[in-house]
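Report on the structure
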2 protein chains.
Amino acid sequence: MARRAAGRFVGWFRPVRNTGSGTLQDQLYTAIRRAVLGGELAAGERLPSSRALASDLGLGRNTVVAAVERLTAEGYLTSRRGAGLFVAADLPVEDLRPPADSRPPILSRRSAAAPDLHAEREPALLRPFALGTASLDAFPLELWRRLAVQTLRRRPGDLLGYGDPRGLPALRQALATYLADSRGVVCSPETVMIVSGAQQALDLIARLLLDPGDVAAVEDPGYAGARDALASAGARLVPVAVDNQGFDPAILAGLSPAPKLAMLTPSHQFPLGMTLPASRRLALLAEARSRGIWIVEDDYDCEYRYGGPPLQALQGLDGGERVLYVGTFSKVLFPGLRLGYVVLPEPLVDGFLRLKTAADGFAPGWPQAILAEFIAQGYLAQHIRRMRVLYRRRRSALLTAIERHAGDLLVPRLSEAGLHLTVEFRDGRDDKKASRALQEAGLTVGPLSRYAVARGLSGLLLGFAAFPEAELEAAVQRLVSVLR
Amino acid sequence: MARRAAGRFVGWFRPVRNTGSGTLQDQLYTAIRRAVLGGELAAGERLPSSRALASDLGLGRNTVVAAVERLTAEGYLTSRRGAGLFVAADLPVEDLRPPADSRPPILSRRSAAAPDLHAEREPALLRPFALGTASLDAFPLELWRRLAVQTLRRRPGDLLGYGDPRGLPALRQALATYLADSRGVVCSPETVMIVSGAQQALDLIARLLLDPGDVAAVEDPGYAGARDALASAGARLVPVAVDNQGFDPAILAGLSPAPKLAMLTPSHQFPLGMTLPASRRLALLAEARSRGIWIVEDDYDCEYRYGGPPLQALQGLDGGERVLYVGTFSKVLFPGLRLGYVVLPEPLVDGFLRLKTAADGFAPGWPQAILAEFIAQGYLAQHIRRMRVLYRRRRSALLTAIERHAGDLLVPRLSEAGLHLTVEFRDGRDDKKASRALQEAGLTVGPLSRYAVARGLSGLLLGFAAFPEAELEAAVQRLVSVLR
């Protein structure tokens, strides 16, 4: 009997052994499990002894014993002292393969509301006029590497272990000083939170402040990533048309009921580029205070202002009462760093941390420590100064090339800041079609209408920061030849 | 008139200059803005010429011009050609400070549902018996640093730019191979998603599959982080009591309506430590298929099994149809890395990526590249083998010390795996009180009841992986003296 059973094993084992991966023990484990699950070994059936199996299969006794122990530990086999080894009697193997379930997967309604943003994202290809990326060639990689090695040597425990959900204290300290000095942000290390890029700040803020069905005001046109975060929190989005001065607080005042929050880009409206003037800032804050509206200030590329020093943040004017200030290092350093921050009104800190903890715990330690050193040693300010010179040159090269080659096709929007230029079509043509044609011709150009909610706008967004002047001029010529 | 106005400026400027930070230009900007916002300079009022201001304040003309240009750009001042400089007429400054808003902040209901997990988290202090952390001393830091420098040199563009929301392709490839070989997970690089630690996987899965009010089954006792993620998605949690074999599919079968998902730890039940036997695995999968329940397999510390090779994943038995497989590198490498993964049934991939993109875009590039090399070059498998030897020793030292010093107080639960031991009190005393007393005595010990939902359990969780044998023995002695 034992010999006959062992004979059956030889039959099952051979094909597994011939094609299988892993050790012989893995292969035997797999063969027996497959026989049990497939019903070839019946529930309760007695198995040959491990000695008999080893001899018939040409395996070492230890190999067989180890595989059998594993199958016993997992409950496929049971061993009764003195009686031998049996296939477990209680395995409901016949239930394992009912007719394949052909129902569609049942997702949450909320996940259906999250737009297909990732499909819009460009592949890693960095070609003109890719948006939202700094000049990575100009990034001081060697310095970054040196700081990386230093911080890892100096205090590995801080960087390897569980971290503070608010962020590394040294980074919050350096950042609080930097934001107060450079942007007039009212903050302390206790109200600065480190997050995985500005996108996470927007997502957590949306979940912190909004329940499904709550109203949120957004700029039209405006940043799609912000709309995505709000939409995936179930918010009802009310677009507020941006005029030549930017977001209009009078429209906000006319909304009834009052939105729970308004998300905007006061320093440099995305994508149109204007700066919100002081009168509107004050009116907006007055409105926010009297009606209890939270203002989310997305200061995504405030560092690069070519007409003068960076603007003071709306948050500083407010004193940090109704304004949540969001920033990122994706534009000023590099997107792959995935570190952003949010400065919160003090009463929101606890709730935010609860959500951050449930969302992903805390930001990784090592990159935070490198960044903290980079800021504290003055390299950030220095890098921004250098990049401002570089980008100003690239920006004017782009403007000049557009004037020279495309003056009859495109009107650049006036803007003194940022890493991209928005141009509108003189003939108002379909910008999505144009953008697709440019894409095929090797240019990465986003249509302006992608950022609009309820408005008819037709134009292109041209990122210039990552491309040398000559490349920009050549790319404009290519662009013009495709558009004509 | 100009001279008189300049005289007023001197009065406002001096205190700012004496205490202010930043350049003289910053200080002048701040002084004028403050005067405008404070109403000391009336709306529409004419300002002295920049020449007069410069002379009265003892500043360079360029300094004054730059500050005035900034104030003009921001809309606090307006300049009329030929007529001079004026305070803007349209500033609603009187609205800026209404009586302080004393209403409590209005958070979303959902954020109130997110439990106060971060307060429970231990500070970075690594002392016995801190949970969930590997032996950071034994981590090959120099090797990690070397791989870091190499990857940064070799392909900085990949690491600095915008990344794939699914994760770095090289890492998904290495991980898919590793998971198939070591855990029998059925996957391809296209179904492996890289996330910011297992916590983010749980959070995104909850949002992907559950709407507020949907039912989710959880183990009781079970992992609090999983409950947090489900709760913050608005799920209604149904605790399923864990018996000596682990999660009981018969209880799941009895639930009506069927939960949308069940979250469990089949390899090594957290916190009790048993392994789900094959019969229950098969019954669970049959139940999941017939009623359309998603199973989330949280395989948080599967790598460390001391009685034999790591168990095959439930996911592999299912073929990846109803099971979402979640893993982390926090336990096997270090928590500060913040990288985890989830293997998804193919139909869930798109929805998951939409949520990941809206949540935080993608995982940072550099750590992913280091990890990909670490796995592909075989260092991960090697590290796990080394750590398994180390942890097995530490685990038996802890067991021996408990037997020797605390046999009359504590009963260890049998478990062949993991980085902690769960012990129960023989006298069933209040474990929260005991845990607080131990905390004060310098030991980090979590009460078992913290992980229970509806059950009365009393015990302690003792992490052993990060502590040498002698330290463990001394800590057990301290623990006993506190408990007596």
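Thresholds, definitions, all that
Residues numbered from 1 in each chain as written. Chains lettered and ligands numbered in written order. Predicted model: local features only at pLDDT ≥ 70, side-chain atom pairs only at ≥ 80, totals over all residues. Heavy atoms only, no water. Helix = DSSP H or I, 4+ residues; strand = E, 2+ residues; numbered from the N terminus. Rg over C-alpha atoms; globule rule 2.2 N^0.38 Å. Buried < 20%, exposed > 50% of the residue type's maximum accessible area, 1.4 Å probe, protein only. Contact = heavy atoms within 4.5 Å. Areas by Shrake-Rupley, 256 points an atom, 1.4 Å probe, with all protein chains shown as cover. Lys, Arg positive; Asp, Glu negative; His and termini not counted. Charge placed at Lys NZ, Arg CZ, Asp CG, Glu CD. Pairing = 2+ DSSP bridges. Axes fitted to C-alpha atoms, helices over the stretch in contact; angles between N-to-C directions. Domains from an automatic or database assignment. Phe/Tyr/Trp six-rings, centres within 6.5 Å; stacked < 30°, edge-to-face > 60°. Lys NZ or Arg CZ within 6 Å of the ring centre and 35° of its normal. Least-squares fit on C-alpha atoms with pLDDT ≥ 70 in both. Buried area = accessible area lost by both parts, 1.4 Å probe. Salt bridge = Lys/Arg side-chain N within 4 Å of Asp/Glu carboxyl O. Polar contact = N/O pair within 3.5 Å; in protein donor to acceptor, adjacent residues only side chain to side chain. Nonpolar A, V, L, I, M, F, W, Y, C, P; charged D, E, K, R; others polar. pLDDT = per-residue confidence, 0-100. Parallel < 35°, antiparallel > 145°, perpendicular 65-115°, else oblique. Left-handed = near helix turned anticlockwise from the far one by under 90°. Core = buried A, V, L, I, M, F, W, Y, C linked by side-chain atoms within 4.5 Å. Arc of directions from axis to C-beta.

1. Here we look at the overall build of chain A
- When helices and strands are tallied, chain A shows 19 helices and 14 strands.
- Against the compact-globule benchmark of 23 Å for 484 residues, chain A has a radius of gyration of 31 Å, which places it well outside the compact range.
- When the 484 residues of chain A are sorted by exposure, 61% land in the buried category.
- Taking the intrachain contacts of chain A between residues at least 6 apart in sequence as the baseline, contacts between residues at least 24 apart amount to 73%.
- If you sum the accessible surface of chain A, you get close to 17,500 Å²; carbon and sulfur atoms cover 52% of it.
- A gap of 6 Å separates the mean positions of the 59 positive and 50 negative side-chain charges of chain A.

2. Remarks on the sheet that holds strand β7 (residues 261–264) of chain A
Residue and element names in this part refer to chain A.
- Strand order in this open sheet of seven strands is β4-β10-β9-β8-β7-β5-β6, and the pairing throughout is mixed. The strands lining the two open edges of the sheet, one partner per strand, are β4 (192–195) and β6 (236–241). Recorded for the sheet is a direction-independent mean angle of 20° between the axes of neighbouring strands.
- In terms of strand pairing, strand β9 (residues 323–328) meets strand β10 (residues 340–343) through four bridges, oriented antiparallel. Bridging from a neighbouring strand, Thr328 pairs with Gly340 of β10.

3. Focus on the domain arrangement of chain A
- Per the domain assignment, the segments of chain A are domain 1 (2–96), domain 2 (139–381) and domain 3 (384–483).
- Taking only C-alpha atoms into account, the centre of domain 1 of chain A sits 59 Å from that of domain 2 of chain A.

4. Describing the packing of aromatic side chains
Residues and elements named next belong to chain A.
- This model, assessed by the stated rule, comprises 25 aromatic pairs over all chains.
- Ring geometry for Phe139 and Phe334: centres 5.0 Å apart, planes at 75°, overall edge-to-face. Taken as a pair, Phe139 in the loop between α6 (117–120) and α7 (141–154) and Phe334 in the loop between β9 and β10 lie far apart in primary sequence, 195 residues in all. Both residues of the pair, Phe139 and Phe334, belong to the buried class.
- Aromatic pair Trp144 and Phe374: ring centres 5.3 Å apart, planes at 65°, arrangement edge-to-face. You can see Trp144 sitting in helix α7 and its partner Phe374 sitting in helix α16 (residues 365–376), a full 230 residues away along the chain.
- One cation-aromatic arrangement involves Arg322 over Trp294; the distance from NZ or CZ to the ring centre is 3.9 Å.

5. Topic: the relation of the copies chain B and chain A
- Between the two copies, chain B and chain A, the superposition gives an RMSD of 0.1 Å; the rotation angle is 180° and the shift along the axis is 0.0 Å. Viewed as a symmetry operation, the transformation between the two copies matches a two-fold axis.
- The share of interface residues of chain B whose copies in chain A are also at the interface is 99%, consistent with both copies meeting through the same surface.

6. Focus: the interface of chain B and chain A
- If you look at the interface, chain B gives 113 residues, while chain A gives 113 residues.
- Between chain B and chain A, a total of about 9,600 Å² is buried, with carbon and sulfur atoms accounting for 60% of that surface.
- The largest contributions to the chain B side of the interface with chain A come from Arg110, Leu160 and Tyr162 of chain B, which together make up 9% of the buried area.
- Our count for the chain B to chain A interface comes out at four salt bridges.
- The closest approach of N and O atoms between Arg207 of chain B and Asp203 of chain A, which form a salt bridge, is 2.8 Å.
- Where chain B touches chain A, the interface holds 19 residue pairs in polar contact (both at pLDDT 80 or more).
- The leading source of residues in the side of chain B that touches chain A is helix α13 (residues 278–291) of chain B, at nine residues.
- In terms of residue class, the side of chain B that touches chain A is made up of 59 nonpolar, 23 polar and 31 charged.

7. Thoughts on the sheet that holds strand β12 (residues 446–447) of chain B
Residue and element names in this part refer to chain B.
- Spatially, the four strands line up as an open sheet ordered β10-β11-β13-β12, and their pairing is antiparallel. Where the open sheet ends on each side, the last strands, each with one partner, are β10 (410–412) and β12.
- Sheet topology places β12 next to strand β13 (residues 459–463); two bridges connect them, and they run antiparallel. Bridge pairing in β13 links Pro447 to Leu460.
- Sheet strands in contact with helix α19 (residues 469–483) are β10, β11 (420–425) and β13, and its direction is about 160° off that of β13.

8. Considerations on the confidence of the model for chain A
Residue and element names in this part refer to chain A.
- Scored by pLDDT, chain A comes out at a mean of 88, with 90% of its residues at no less than 70.
- Throughout residues 1–5 the model reports pLDDT below 50, and contacts reaching past four residues in sequence, or to other chains, amount to five contacts.
- Here residues 97–102 is a poorly scored stretch, pLDDT under 50, and it has eight contacts once near neighbours within four places are set aside; other chains count.
- Taken over the whole predicted complex, pTM reads 0.87, whereas the ipTM for its chain interfaces reads 0.86.

9. Things to note about the side chain of Thr328 of chain A
Residue and element names in this part refer to chain A.
- Inspection of the secondary structure assignment puts Thr328 in strand β9.
- At a separation of 2.9 Å, a polar atom in the side chain of Thr328 contacts the main-chain amide nitrogen of Ser330.
- Those residues in contact with Thr328 that lie beyond four places of it in its chain are Ala198, Tyr300, Glu303, Leu339, Gly340 and Tyr341.

10. Some points on the pattern of salt bridges
- Enumeration according to the criterion identifies 42 salt bridges over all chains in this entry.
- Residues Glu321 of chain A and Arg289 of chain A are paired through a salt bridge, measuring 4.0 Å at the closest nitrogen-oxygen approach. With a gap of 32 residues between them, Glu321 of chain A in the loop between α14 (314–318) and β9 and Arg289 of chain A in helix α13 (residues 278–291) connect regions that are remote in the sequence.
- In this structure Arg289 of chain A comes out as buried when scored by relative accessible area, which is 5%.
- A salt bridge links Arg166 of chain B to Glu190 of chain B, with the nearest nitrogen and oxygen atoms 2.8 Å apart. Of the two residues, Arg166 of chain B is situated in the loop between α8 (156–160) and α9 (169–183) and Glu190 of chain B in the loop between α9 and β3 (192–195); the sequence distance between them amounts to 24 residues.
- The structure contains a network of salt bridges with shared partners spanning Asp164, Arg166, Arg172 and Glu190 of chain A.

11. Describing the packing of helix α2 (residues 24–37) of chain B against helix α4 (residues 61–74) of chain B
Residues and elements named next belong to chain B.
- α4 packs onto α2 with a crossing angle of 45° between their chain directions and a minimal axis gap of 9 Å. The orientation of α2 relative to α4 falls into the category oblique. Classified by chirality, the crossing of α4 by α2 is right-handed. Here Leu24, Gln25, Asp26, Leu28, Tyr29, Ile32 and Arg33 of α2 lie close against α4, whose contacting residues are Thr63, Val64, Ala66, Ala67, Arg70, Leu71 and Glu74.
- Looking at side-chain class alone, the contact of α2 with α4 contains eight nonpolar, two polar and four charged residues.

12. Section: the pairing of strand β2 (residues 84–87) of chain B
- Where strand β1 (residues 77–80) of chain B and β2 of chain B come together, four bridges link them in antiparallel fashion. When the bridges of β2 of chain B are listed, Thr78 of chain B appears paired with Phe86 of chain B.

13. Topic: the nonpolar core
- Within the largest apolar cluster, 152 residues are counted, with the highest numbers of intra-cluster contacts made by Phe329, Leu333 and Leu479 of chain A together with Phe329, Leu333 and Leu479 of chain B.
- With residues up to four places along the chain from it excluded, the contact list for Phe329 of chain B reads Leu175, Phe334, Leu337, Leu339, Tyr341, Leu371, Ile375 and Leu380 of chain B.
- The next biggest cluster of nonpolar side chains, apart from the first, holds 42 residues, and it includes Ile32 and Ala67 of chain A together with Ala278 and Leu284 of chain B.

14. Here we look at helix α18 (residues 431–440) of chain B
Residue and element names in this part refer to chain B.
- All of the buried residues in α18 are Asp431, Ala434, Ser435 and Leu438. All buried residues of α18 lie within an arc of 100° about the axis, which places them on one face of the element. Those residues of α18 that are exposed and angled more than 90 degrees off the buried face are Lys433 and Glu440.
- In this fold, the buried residues of α18 make contact with β11, β12, β13 and α19.
- By the N-cap criterion, in which a side-chain oxygen at the helix start approaches the backbone nitrogen of a residue two or three places on, α18 is capped by Asp430, the distance to Lys432 being 2.9 Å.
- Once α18 finishes, Gly442 follows within two positions and takes phi at roughly 90°, a positive value.

15. Here's the deal with the pairing of strand β9 (residues 340–343) of chain B
Residue and element names in this part refer to chain B.
- Burial along β9 is two-sided: Gly340 and Val342 and Tyr341 and Val343, pointing in opposite directions, are all buried.
- Sheet analysis places β3 next to β9, joined by four bridges and oriented antiparallel. Opposite Ile194, over in β9, you have Tyr341 as the bridge partner.

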